[in-house]
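Summary of the model geometry
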Amino acid sequence: MQYHQIVIALFVIIGTAFAIVGLSASWFLSPTNPTHGKGISFESGVDPIGEPWVRFRAGYFVYAMLYVIFDIEVVFLYPWAVALGSDATGWFILVEMIIFVVILLGGLAYAQKEGALVWH
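Below, the structure is looked at part by part. None of the values given here were measured: they were computed from a predicted structure. (Residues numbered from 1 in each chain as written. Predicted model: local features only at pLDDT ≥ 70, side-chain atom pairs only at ≥ 80, totals over all residues. Heavy atoms only, no water.)

**Regarding the overall build of the protein chain**
When helices and strands are counted, the protein chain shows three helices and zero strands. Listed N to C, the secondary structure of the protein chain is α-α-α in terms of helices and strands. For the protein chain, the share of sequence-separated contacts (at least 6 apart) that also reach a separation of at least 24 residues comes to 55%. In the structure as shown, the protein chain presents an accessible area of about 10900 Å², 73% of it carried by carbon and sulfur atoms. (Helix = DSSP H or I, 4+ residues; strand = E, 2+ residues; numbered from the N terminus. Contact = heavy atoms within 4.5 Å. Areas by Shrake-Rupley, 256 points an atom, 1.4 Å probe, with all protein chains shown as cover.)

Next up, the structure:
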């Protein structure tokens, strides 16, 4: 075996052992005294009222998806900013990122036009 394979094998073995030891210690050391109070849902110290399964409006999911889309945009903008200053093809990268941001702004304009950003 090569040195790199030994290092990877050690990482896998140590990582697996760490997980097993942590889970085993948690299982052995945790107190088990089930009571009725421990079995109910916790709502900031207040007894829960009503059913636990509540249907959310689809509008909440639209907001969540828009947030995820524009949050991922930031993930793509950071490496772009790093590569722009260090690469000889800076203009090409700049134009590509401008196109990317324009497409995202077009999606935002479409969501605004369709009323996805209006709170009902």
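After that view of the structure, there is still more to cover.
**Here we look at a nonpolar patch on the surface**
Judged by side-chain polarity, Tyr67, Val68, Ile72, Val75 and Phe76 come together as a nonpolar surface patch covering roughly 500 Å² of accessible area. Here Phe76 shows up in helix H2 (residues 58-86). For Phe76, a relative accessible area of 48% gives the class partly exposed. (Patch = residues over 30% accessible without salt bridge, like charges linked within 9 Å, V, L, I, M, F, W, Y side chains within 5 Å. Salt bridge = Lys/Arg side-chain N within 4 Å of Asp/Glu carboxyl O. Buried < 20%, exposed > 50% of the residue type's maximum accessible area, 1.4 Å probe, protein only.)

**A closer look at the pattern of salt bridges**
Under the counting rule described, the total for this entry stands at one salt bridge. Across the pair Lys113 and Glu114 runs a salt bridge, and its minimum N-O distance is 3.9 Å. Exposure remark for Glu114: the relative accessible area of 49% places this residue in the partly exposed category.

**A short note on helix H1 (residues 3-29)**
With 27 residues, H1 extends 38 Å between its outermost C-alpha atoms, agreeing within 8% with the 39 Å of an ideal straight helix rising 1.5 Å per residue. Counting buried residues in H1 gives zero out of 27 residues, a small share hidden from the surface. (Expected span 1.5 Å × (residues − 1).)

**With respect to the packing of aromatic side chains**
Applying the stated criterion to the full structure yields one aromatic pair. Taking the centre distance of 4.9 Å and the plane angle of 65 degrees together, the rings of Trp27 and Phe28 count as edge-to-face. Overall, the relative accessible area of 64% leaves Trp27 in the exposed class. (Phe/Tyr/Trp six-rings, centres within 6.5 Å; stacked < 30°, edge-to-face > 60°.)

**Considering the environment of Ile69**
The residue Ile69 is located in helix H2 in this model. For the pair Ile69 and Gly107, spaced 38 residues apart in sequence, the C-alpha separation works out to 9.9 Å.

**Points about the environment of Phe70**
In this structure, Phe70 sits in helix H2. Of the residues examined, Phe70 reaches a relative accessible area of 22% and is grouped as partly exposed. A C-alpha to C-alpha distance of 9.2 Å links Phe70 and Leu108, two positions 38 residues apart in sequence. Discounting residues that sit within four places of it in the chain, Phe70 has contacts with Leu104 and Leu108.

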